[in-house]
Amino acid sequence: MSDRLDRGDKNDETSTDVDVSFSRADCGQEFNSRQELKEHESTQH
Ligand SMILES: [Zn+2]
(Lines give C-alpha, C1' and ligand atoms only; values in the text may rest on other atoms or scores of the structure.)
Protein backbone atom coordinates (compact mmCIF):
# COMPACT_ATOMS: atom_id res chain seq x y z
CA MET A 1 0.00 0.00 0.00
CA SER A 2 2.54 2.55 1.08
CA ASP A 3 5.02 1.26 -1.44
CA ARG A 4 3.76 3.87 -3.85
CA LEU A 5 4.99 6.66 -1.66
CA ASP A 6 8.48 6.37 -3.00
CA ARG A 7 10.04 9.75 -3.26
CA GLY A 8 13.33 8.23 -4.17
CA ASP A 9 15.41 8.01 -7.26
CA LYS A 10 13.74 5.12 -9.01
CA ASN A 11 10.11 4.61 -9.83
CA ASP A 12 9.57 1.18 -11.26
CA GLU A 13 6.08 1.96 -12.45
CA THR A 14 6.94 5.20 -14.16
CA SER A 15 10.39 4.34 -15.36
CA THR A 16 9.61 5.15 -18.93
CA ASP A 17 12.31 6.52 -21.14
CA VAL A 18 13.57 9.97 -20.46
CA ASP A 19 11.74 12.82 -22.23
CA VAL A 20 8.42 10.95 -22.32
CA SER A 21 6.76 12.57 -19.39
CA PHE A 22 7.72 14.40 -16.27
CA SER A 23 5.63 14.07 -13.21
CA ARG A 24 5.54 15.22 -9.65
CA ALA A 25 4.95 12.24 -7.43
CA ASP A 26 3.92 14.40 -4.51
CA CYS A 27 1.02 16.11 -6.29
CA GLY A 28 0.41 13.78 -9.21
CA GLN A 29 0.83 16.41 -11.91
CA GLU A 30 2.29 15.40 -15.22
CA PHE A 31 4.12 17.50 -17.74
CA ASN A 32 5.41 17.10 -21.25
CA SER A 33 8.71 18.72 -20.65
CA ARG A 34 11.14 19.39 -17.90
CA GLN A 35 10.59 23.06 -18.50
CA GLU A 36 6.95 22.76 -17.58
CA LEU A 37 7.86 20.70 -14.57
CA LYS A 38 10.33 23.33 -13.48
CA GLU A 39 7.81 26.08 -13.84
CA HIS A 40 5.28 24.11 -11.89
CA GLU A 41 7.75 23.50 -9.12
CA SER A 42 8.66 27.14 -8.90
CA THR A 43 5.09 28.37 -8.96
CA GLN A 44 3.22 25.67 -7.09
CA HIS A 45 5.80 24.50 -4.62
ZN1 LIG B 1 2.97 19.95 -7.95
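Now for the overall build of the chain. Scanning the chain from N- to C-terminus turns up one helix and two strands. Element order for the chain, N to C, with α for helix and β for strand: β-β-α. Within the chain, buried positions represent 0% of all 45 residues.

So, on to the environment of phenylalanine 31. The topology assignment puts phenylalanine 31 in strand 2 (residues 30-31). With ten residues separating them in the primary sequence, phenylalanine 31 and serine 21 have C-alpha atoms 5.8 Å apart. Discounting chain neighbours no more than four positions away, the residues touching phenylalanine 31 are Ser21, Phe22, Ser23, Glu36, Leu37 and His40.

Our next topic: the environment of histidine 45. Tracing the chain through its elements places histidine 45 in the segment after helix 1 (34-44). Expressed as a C-alpha distance, the spacing of histidine 45 and cysteine 27, which sit 18 residues apart in the sequence, is 9.8 Å.

A word on the confidence of the model for the chain. Here the chain shows a mean pLDDT of 78. Residues at 70 or above account for 56%. Of all helices and strands in the chain, the one with the weakest mean pLDDT is strand 1 (residues 22-23) (91), whereas helix 1 scores best (94).

Conventions used here
Residues numbered from 1 in each chain as written. Predicted model: local features only at pLDDT ≥ 70, side-chain atom pairs only at ≥ 80, totals over all residues. Helix = DSSP H or I, 4+ residues; strand = E, 2+ residues; numbered from the N terminus. Buried ≥ 20, exposed ≤ 12 C-beta atoms within 10 Å, placed from the backbone. Contact = placed C-beta atoms within 7 Å. pLDDT = per-residue confidence, 0-100.

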